[in-house]
Each structure stands twice: as structure tokens, then as C-alpha cells.
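# Results of the structural survey
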Amino acid sequence: MSEAGIHLEFQKRMIHQLGTVDYEDFELSLQKESPTTVRLNPFKIQSCPFEGNPIPWSEFGFSLEKRPAFTLDPLFHAGAYYVQEASSMFISEVLRQLEIPKGIFLDLAAAPGGKSTLLSTYLAQEGLLVANEVIQSRNQILKENLIKWGLGNSIVTQNDPAHFQELEGFFDLVLIDAPCSGEGMFRKDPEARKEWSPDHVRLCAGRQQRILDQAGGLVKGGGYLIYSTCTFNEQENEEMIRFLTSEFAYEPVRIKLNPEWQIEESEVQTEEGTFFGYRFYPHRVEGEGFFISVLKRPNDAYILEPRKKKDFKHQFLKLVDEKTCKALDEELGFENSQYYLLNDSYFRFPEMWKTHLEQVIHGLNIRYLGTEIGKKQKNEWIPSHDWAVSILPKNGFSTKEVSLEEALDFLRKNEQELILEETGWVLLTYQNLPIGWVKNLGNRINNYYPKEWRIRNL
Ligand SMILES: C[S@@+](CC[C@H](N)C(=O)[O-])C[C@H]1O[C@@H](n2cnc3c(N)ncnc32)[C@H](O)[C@@H]1O
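Residues numbered from 1 in each chain as written. Predicted model: local features only at pLDDT ≥ 70, side-chain atom pairs only at ≥ 80, totals over all residues. Heavy atoms only, no water.

The name recorded for the chain in an unreviewed UniProt entry is tRNA/rRNA cytosine-C5-methylase, from Algoriphagus limi. Of the comments in the UniProt record for the chain, the one headed Sequence similarities (unreviewed entry) reads "Belongs to the class I-like SAM-binding methyltransferase superfamily. RsmB/NOP family." (UniProt positions renumbered as here; feature names shortened; annotations may be inferred.)

Now the structure itself:
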């Protein structure tokens, strides 16, 4: 280990990759503080609430002058922005440059959801995202982040990549942001420095190869695969592109770079031709270490069209009939919805993706879909928190704009001292963005912020 806690073998490999002079800058950059960057949710806010500068490759990304206490900002809890390191936001540039058609996207290793919220924004009301995370605790966080983002265009699944085999040729885009040795996170995460060893790199490469083997065929003819890691070594990057192209038919995709961005292009020689990878080094860009490569499935590759099923069958989910869906849309002020019932609670899902959902649902473990609206008892809705923070209308409910202190009391689930004019359900807003429900019973106010999400000890 070096004095900075860096494995000497890693140092040797990086000097080989960067050259001695550049390596010194690289190691120095690890002693500096990580930049704080956020990506806005354009469906919730239009301008950055903090002092900062735009990220050149991301329309909604900003680098902040100082790090705010995000936990104490109600806009953070309202899903107005996502704290994401800047290199990862390059996916926005890839989508923009290639004009990737909006359709059904899969984010195979999605938690905590940085790239899923980015894809969900891009797809907006024209696409569907399947966000998958195999580890249960991380799946919860992914779900929470997508609910707060609030666009209602996602399905959250919890599956091993092997479980997707029946969906070969189904997706317009598959993002594989693979678990890796995390060399690019050495600055942010000192644990990654300690864990690094040549064996760990080998182990990660083996796992990546298995994932690619299982997921390489999921992209439909004409669709795209994006492979990314937060590590620098060739074994987990270029070697994986070589493996992928030896197993599946893919064509190279080259992304135009502005030289000022200081992103490094690498050519990946494979038996199928030259492919491209892009490296982000922390001493050159205002972000963490990152690698990304984009590949295109030939137009004549297999396409799996979803088949309309006669009957909808699922262990827990119940399909709501067409007439009731129409009536609910009318009542709620929504449009083109398909509703599903789970434990008597209604979930709103975009009707145009119904057949795709039915295709996806088989064999996969669905953890969430669309937007949970809530339960209807007699004629009264018990609205869910998910609906509150979603971008769907909340017609007919009264709203109350609250101060910072009042918003924080609400988010901490403290006793609420609000003065409310109306009884019943009231939607609290902070800077005009919904943060959740209270119910005014006249003699007291009940706080419906989800217990598990409340701000603790701050
Ligand atoms: C780099 S992280 C994903 C970060 C995420 N895409 C984001 O932008 O917020 C990789 C994810 O892969 C998951 N993972 C671990 N082993 C896996 C496996 N064998 N197959 C698929 N995913 C796995 C991890 O739990 C982790 O959440």
C-alpha cells in the first residue's frame, strides 16, 4: 500500500495506463473533495435551486459551489433533483446524440436509481422503464427514489439477470451499469481503496461476464446496449466489450466528444471490428471515474413483440376492467390509464404499455409499477404518498403551502402546528411542490408521511 492507502499493484497499472506525470495528477485528485453535482427533475423544477454551473453533457445537470445539507431540503424529499456524480450523467448526452427512440428500456443493475431516474426523465410519457435490482435492501432504495421522482413510467423488478431469458429481443435499450471493483470511486469511497486487489478485479470481471452472457441478447434488433462501470482497468471494460461482441451480434457506436470535456476515447479492437469506450478520470473531469461503451444491435436481429394475452393472470395483481378504468380516469382527471389492484390499493399504469407489462410480469418478481394511487373506501380516497409526490393531478384536494420549518416538521413526523382552513385530506406543498398528505380531523392533524422515509436525528 502507498501512503495514501492505494495498492501498489493498482498504482503500477494506472501508471501504465496514464503515464507517470498524469498519474501524479490522478493521485492528487484523490486527495481533493468530490464535486457535488445534482440533476434536476424537469417535471418538477425548471431552475437549479443552488448556486452552480451547468454540466456540459447533461441538460439538467449542475455542479454546485458548495455542498448543501440535502436531508434538510424539502425539495430533495419532493424529488425535485437527484444527487448524482457528473460522469454518469453522460448517458443523457448518449441518448440525445443518438436520438435513441423512446420505447421499453431496461436498467438491469439499477439501485440506488441514479441512472434509472435519468432514463425515466428521458422516456417521460412516451416510454416504459424496467428498473431491476437483485439485492432486496437496495431494491427498496431504488423503489423509493423512483417514487419520489414521480413520473409513473416505471416497473421495479427484483431479479437475477438470468431470470430475463424469456425477454430476449424485447428491449429498445438495455443499460448494464455493472457491479465493479470501483476504482473510479477511490476518492468518494475509501472502502473501495481497501477492497481493491488483483483478485477482486478478476472476480468482478467474472461476474460481469456472466451478466453480459445473460443480458446481451435482451436488446431487440435496432436497439442499443449501454455498458458502464465506475472502474478504469481493461479487464472489466474493454475485455467485456470483446466478450460481448464475440457472443452476440453488435455494431459499434461512436459518440462525438467536445475536446474541452477531456473525456478519453479508447478504441476496442475486437474480432468484429473496432468498438469505442469512453473514460472519465477525476483529474480531468469534474466527476468521478467512469467508463461507458455504446453498442447497437443490427436491425435484422431478433425482435420479440409482446403478445396480447386473453386473460390477465397474476398471483397478487388484479386487472381493473376497462369501464372502471375510464370512470376512474374521469374522476381523477388522469388520461389513458390502466389500473391494477394490489391489496385493495389502486396502481395507475400507462395504458399504452399494458401488453408490455403483461409480457414482463411472467417469470419476474415485480416490486412496484406505475404510481400507487391509494384505496377507495365507499366514496372517499385514502390517497397514497406516492400519488402526492407524483406528477399526476390531485384534483379536488385542498393544498397548503408551508414554510421551511413546517415542511421539516412534517418530514420528521413531528407534531404539526399548522392552521388549516379545511378538514379532511390536505396536500402540503413547499415552494409549490407537493411533499405529502396530512388529514385534518378538526381537533388534530394526522401526518401521513411514510414512517420509513422520515428524517431522523437531524
Ligand atoms: C454500479 S451499481 C448500480 C448503480 C446504479 N445504476 C445507479 O446509477 O444508481 C451496480 C448494482 O449491481 C447490483 N448487482 C450486484 N451483483 C449483481 C449481479 N450478479 N447481477 C446484477 N446486478 C448485480 C448491485 O447490487 C448494485 O446495485
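So, on to the packing of helix H8 (residues 198–215) against helix H9 (residues 238–247). Contact geometry for H8 and H9: axes closest at 10 Å, N-to-C directions at 30°. With respect to H9, the element H8 is oriented roughly parallel. Both H8 and H9 take part in a crossing whose hand is right-handed. Contact residues: H8 offers Ala 205, Gln 208, Gln 209, Leu 212 and Asp 213, while H9 offers Met 240, Phe 243, Leu 244 and Glu 247. Taken together, the residues of the contact of H8 with H9 break down into 5 nonpolar, 2 polar and 2 charged. (Axes fitted to C-alpha atoms, helices over the stretch in contact; angles between N-to-C directions. Helix = DSSP H or I, 4+ residues; strand = E, 2+ residues; numbered from the N terminus. Parallel < 35°, antiparallel > 145°, perpendicular 65-115°, else oblique. Left-handed = near helix turned anticlockwise from the far one by under 90°. Contact = heavy atoms within 4.5 Å. Nonpolar A, V, L, I, M, F, W, Y, C, P; charged D, E, K, R; others polar.)

So, about the pairing of strand E6 (residues 128–132). Among the 5 residues that make up E6, 5 are buried, leaving the element largely enclosed by the rest of the structure. Every second residue of E6 is oriented toward a common face, with Leu 128, Val 130 and Asn 132 on one face and Leu 129 and Ala 131 on the other, all of them buried. Across 4 bridges, the pairing between strand E5 (residues 104–107) and E6 is parallel. Residue pairing across strands places Leu 106 opposite Val 130, the latter belonging to E6. Taken together, E5, helix H5 (residues 114–123) and E6 form a β-α-β motif whose crossover is right-handed. Summarising the sheet, E6 and strand E7 (residues 154–157) pair through 4 bridges and their orientation is parallel. Within E7, the position partnered with Asn 132 by the bridge is Thr 157. Each parallel crossover has a hand, and for E6 linked through helix H6 (residues 136–149) to E7 it is right-handed. (Buried < 20%, exposed > 50% of the residue type's maximum accessible area, 1.4 Å probe, protein only. Pairing = 2+ DSSP bridges. Right-handed = clockwise from strand over helix to strand, strands pointing away.)

For the rest of this paragraph, the subject is empty space enclosed by the protein. In this structure the tally under the stated criterion is 1 cavity of 30 Å³ or more. What the largest cavity holds in volume is close to 110 Å³. Forming the walls of the largest cavity are 15 residues, and the residues nearest its centre are Leu 146, Ile 147, Gly 152, Tyr 368 and Gly 370. Broken down by secondary-structure element, the contributors of at least two residues to the lining of the largest cavity are H6 and E7. Sort the elements by how many residues they give to the lining of the largest cavity and H6 lands first, with 3 residues. In terms of residue class, the lining of the largest cavity is built from 6 nonpolar, 8 polar and 1 charged. (1 Å grid on protein atoms, 1.4 Å probe; cavity = no way out; pocket = protein on both sides within 12 Å on 5 of 7 lines; lining within 4 Å. Points joined across faces, edges and corners; volume = space filled by probe spheres on them.)

Before going further, it helps to examine the sheet that holds strand E3 (residues 61–64). One open sheet accounts for 4 strands, arranged E2-E3-E1-E4; its pairing is antiparallel. Across the chains shown, the open sheet's two edge strands, defined by having one partner strand only, are strand E2 (52–54) and strand E4 (81–83). For this sheet, the mean angle separating the axes of adjacent strands, direction not counted, is 30°. Where E2 lies against E3, 3 bridges are found, and the strand directions are antiparallel. Of the residues in E3, the one forming a bridge with Gly 52 is Leu 64.

Attention now goes to the side chain of Thr 36. Following the sequence through the fold, Thr 36 ends up in the loop between helix H2 (20–31) and strand E1 (37–40). Leave out the neighbours within four places in its chain, and Thr 36 touches Phe 62, Ser 63, Leu 64, Arg 67, Pro 68 and Phe 70.

Moving on: the site of the ligand. Close to the ligand lie 17 residues; Ala 109, Gly 114, Glu 133, Arg 138 and Asp 177 are nearest. The separation between an oxygen atom of the ligand and a polar side-chain atom of Glu 133 is 2.6 Å. Here a nitrogen atom of the ligand sits 2.7 Å away from a polar atom, N or O, in the side chain of Asp 177. When the free accessible area of the ligand is taken as 590 Å², the share hidden by the protein chains comes to 84%. Mapped by element, the contributors of at least two residues to the shell around the ligand are H5 and H8. Looking at the shell around the ligand, its residues break down into 10 nonpolar, 2 polar and 5 charged. (Near = heavy atom within 4 Å. Polar contact = N/O pair within 3.5 Å; in protein donor to acceptor, adjacent residues only side chain to side chain. Areas by Shrake-Rupley, 256 points an atom, 1.4 Å probe, with all protein chains shown as cover.)

Turning our eyes to something else, we now look at the pattern of salt bridges. Pairing of side chains with opposite charge becomes possible as their charged atoms draw close. Within this structure, the stated rule accounts for 17 salt bridges. Residues Arg 13 and Glu 9 are paired through a salt bridge, measuring 2.9 Å at the closest nitrogen-oxygen approach. Taken together, the residues Arg 13 and Glu 9, both in helix H1 (residues 8–18) and 4 residues apart, mark about one turn of the helix. Judged by relative accessible area, Glu 9 falls into the partly exposed class, the value being 24%. Members of the salt-bridge network, linked through shared partners, are Glu 9, Lys 12 and Arg 13. (Salt bridge = Lys/Arg side-chain N within 4 Å of Asp/Glu carboxyl O.)

Sheet strands pair by backbone hydrogen bonding; their relative direction is either parallel or antiparallel. Read across the sheet, 4 strands follow the order E20-E21-E22-E23 without closing on themselves; strand pairing throughout is mixed. What marks the edges here is a single partner per strand, and that holds for strand E20 (398–401) and strand E23 (445–447). Adjacent strand axes in the sheet meet at a mean angle of 35°, parallel and antiparallel pairs treated alike. Two elements, strand E21 (residues 424–430) and strand E22 (residues 433–440), share 7 bridges in a ladder whose sense is antiparallel. Across the sheet, Tyr 430 pairs through a bridge with Leu 433, a residue of E22. Lying over the sheet, helix H13 (residues 404–412) contacts E21, E22 and E23, oriented at roughly 70° with respect to E22.

Turning next to the UniProt feature "active site" (unreviewed entry) in the chain. Under the UniProt annotation, "active site" (unreviewed entry) lies at Cys 230. Along the polypeptide, Cys 230 turns up in the loop between strand E9 (219–229) and H9. Ignoring sequence-local partners within four residues, the contact set of Cys 230 consists of Cys 180, Gly 182, Glu 183, Gly 184, Met 185, Gly 289 and Phe 290.

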